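The primary structure of each chain is shown beneath.
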Amino acid sequence: MHITEREERIEGATVSIYILENARGARVELSSLGAGVLGVWVPDREGRLDNVALGYERISDYMGDGPCMGKCPGRYANRIARGHLEVGGRTYSLAVNCGPHHLHGGPGGFHNRIWTSRALADGVEFSYVSADGEENYPGRVEVRAVYRWSDDNVLSLELQAVTDAETVVNLTNHTYWNLEGNGAGTALCHEMRMKASRWLVTDSTLAPTGELAPTAGTPMDFSLFKTLGRDIRADFEPLRFGKGYDHCWAIDGWVPGRFTADAVEVRDPRSGRTMTVGSDQPGVQIYTGNWLKGSPLGRGGREFEDYDAVAVEMQGFPDAPNIPSFPSQTLRPGETYRRIITYAFSIY
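Summary of the structure given here.

Criteria and cut-off values
- Residues numbered from 1 in each chain as written.
- Predicted model: local features only at pLDDT ≥ 70, side-chain atom pairs only at ≥ 80, totals over all residues.
- Heavy atoms only, no water.
- Helix = DSSP H or I, 4+ residues; strand = E, 2+ residues; numbered from the N terminus.
- Rg over C-alpha atoms; globule rule 2.2 N^0.38 Å.
- Buried < 20%, exposed > 50% of the residue type's maximum accessible area, 1.4 Å probe, protein only.
- 1 Å grid on protein atoms, 1.4 Å probe; cavity = no way out; pocket = protein on both sides within 12 Å on 5 of 7 lines; lining within 4 Å.
- Points joined across faces, edges and corners; volume = space filled by probe spheres on them.
- Nonpolar A, V, L, I, M, F, W, Y, C, P; charged D, E, K, R; others polar.
- Pairing = 2+ DSSP bridges.
- Phe/Tyr/Trp six-rings, centres within 6.5 Å; stacked < 30°, edge-to-face > 60°.

### A few points about the overall build of the protein chain
(1) Moving on: Of the regular secondary structure elements, the protein chain holds one helix and 26 strands.
(2) Moving on: For 348 residues, the compact-globule estimate of 2.2 N^0.38 gives 20 Å, and the C-alpha radius of gyration of the protein chain, at 19 Å, lies within 12% of that figure.
(3) Moving on: The C-alpha extent of the protein chain, read off along each of the three principal axes, is 60 × 50 × 40 Å.
(4) Moving on: Counting only residues that meet the buried cut, the protein chain has 57% of its 348 residues in that class.

Right, here's the structure in full:
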């Protein structure tokens, strides 16, 4: 593994950027801003390398961006309804920054922080300390995100956290994928299947109601490969609310600690690229980039359009702190939050 590092300055701070290149010449670019993925170059069926992860033209545009492009949001990824949080018998009011809800840990969440970083033999370790009371969450939380890149074109992400007081944690990665290549246009022609036969029903504001509904017979069914665009404009109320897919599915057979190697598979018929996502997380949020238009300019100065990519966010369930029937995301002193996500790239 060949690893190079450079630094860029934004707003008086230093961002470290790493490029990991494997023996095949495929490479990954990472950033200490939000412990983020800036790019992933993998071959198509003809052997041509292209970047399949959306990214911005300027590193400064990653700070405070709406899409959370490529980064690791936290302390709690996804929504906490109406910013209401109860931990250890106390009630906390969190910032409301997405309609009526708290999203991705708030405007000062982990994705908008510059993490400490260091190169490893086969990857990069990012670490961050979230102070007690940061974004009004309780407890001092120490978090690590370790990326590794293999010669078989597998990108792995290990997420860890410990706390000195009871709190909640939900960590993921928020990269936007277009397997035809960065700048290729819509990703709605991508095909996807999931090992998930139930989805989390949402209200009109995209907050979970607590109900898990079968996907069979609905546009939420991805038990077999189908294009992201096939049903996205169906007469189905949840898709109208979100202007597309922005929902969480429950991984079949999940129990704490169980790793599902092929929880989600996305493939592009044009390039032949396939991305197989594995994780020990209970759920996956699929977001079809419904509001990408108006984002900062992409690499090469290209303007993004809605649906240019799909985010596959392996995570705990949104609003789990307020829905006792959901898998708990509570973290207590003496415990270690540890989750794994893998992205395996191949061709078919």
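Next comes the rest of the account.
### Some details on the layout of surface pockets
(1) Moving on: Of the volumes computed, that of the largest pocket is approximately 570 Å³.
(2) Moving on: Surrounding the largest pocket, 29 residues form its lining, Gly 66, Pro 67, Cys 98, Leu 103 and His 104 being those nearest its centre.
(3) Moving on: Of all the elements in the fold, those that place two or more residues in the lining of the largest pocket are helix H1 (237-242) and strand E23 (283-287).
(4) Moving on: Across the lining of the largest pocket, the residue classes tally to eleven nonpolar, 13 polar and five charged.
(5) Moving on: Each pocket or cavity is described by its volume, and for the second largest pocket that value is around 270 Å³.

### Some details on the sheet that holds strand E19 (residues 226-227)
(1) Moving on: Strand order in the open sheet made by the nine strands is E10-E11-E12-E13-E26-E22-E21-E16-E19, with antiparallel pairing throughout. Of all strands in the sheet, those with a lone pairing partner are strand E10 (116-119) and E19, marking the two edges.
(2) Moving on: As judged from the five bridges shared by strand E21 (residues 260-267) and strand E22 (residues 273-279), these two strands associate in the antiparallel manner. Bridge assignment links Val 264 to a residue of E22, and that residue is Val 277.

### Some remarks on the sheet that holds strand E15 (residues 176-177)
(1) Moving on: Spatially, the six strands line up as an open sheet ordered E15-E24-E23-E20-E17-E18, and their pairing is antiparallel. With one partner strand each, in any of the chains shown, E15 and strand E18 (208-214) form the two edges of the open sheet.
(2) Moving on: Here five bridges tie E23 to strand E24 (residues 310-315), and the two strands are oriented antiparallel to one another. Residue pairing across strands places Gln 285 opposite Glu 313, the latter belonging to E24.

### A short note on the pairing of strand E16 (residues 191-194)
In regular strands, side chains alternate between the two faces of the sheet.
(1) Moving on: As paired elements, E16 and E19 share two bridges and run antiparallel to each other. In the sheet register, Glu 191 faces E19, and the bridge partner there is Thr 227.
(2) Moving on: Here E16 runs beside E21; their pairing, made up of four bridges, is antiparallel. When the bridges of E21 are listed, Glu 191 appears paired with Arg 267.

### Quick look at empty space enclosed by the protein
(1) Moving on: The final tally for this structure, using the stated rule, is two cavities of 30 Å³ or more.
(2) Moving on: By volume, the largest cavity is sized at about 50 Å³.
(3) Moving on: Among the elements that take part in the lining of the largest cavity, strand E20 (residues 246-250) stands out by supplying three residues, more than any other.
(4) Moving on: Of the residues belonging to the lining of the largest cavity, the class tally is five nonpolar, four polar and two charged.
(5) Moving on: Each pocket or cavity is described by its volume, and for the second largest cavity that value is around 30 Å³.
(6) Moving on: As for the second largest cavity, its lining consists of Gly 74, Arg 75, Gly 105, Gly 108, Gly 109, Phe 110, Ser 130, Glu 134, Glu 135 and Tyr 137.
(7) Moving on: Counted by class, the lining of the second largest cavity contains two nonpolar, five polar and three charged residues.

### As for the packing of aromatic side chains
(1) Moving on: Within this structure, the stated rule accounts for 16 aromatic pairs.
(2) Moving on: Aromatic side chains Tyr 18 and Phe 126 sit 6.1 Å apart centroid to centroid with 80° between the ring planes, which places their arrangement in the edge-to-face category. One end of the pair, Tyr 18, is in strand E2 (residues 13-21); the other, Phe 126, is in strand E11 (residues 123-130), with 108 residues separating them in the sequence.
(3) Moving on: Assessed through its relative accessible area of 1%, Tyr 18 is described here as buried.

### Looking at unusual backbone geometry
(1) Moving on: The residue after Gly 74, namely Arg 75, is reached through a cis peptide bond having omega 15°.
(2) Moving on: Tracing the backbone through its elements, the reader meets Arg 75 in the loop between strand E5 (49-51) and strand E6 (79-80).
(3) Moving on: Its identity is not glycine, yet Glu 11 carries a phi of approximately 50°, on the positive side.
(4) Moving on: The residue Glu 11 is located in the loop between strand E1 (2-10) and E2 in this model.
(5) Moving on: For Ala 35, which is not glycine, the phi dihedral falls at a positive 45°.
(6) Moving on: Take Ala 35: it is sitting in the loop between strand E3 (27-31) and strand E4 (36-43).
(7) Moving on: Residue class for Ala 35 comes out buried when judged on its relative accessible area of 0%.

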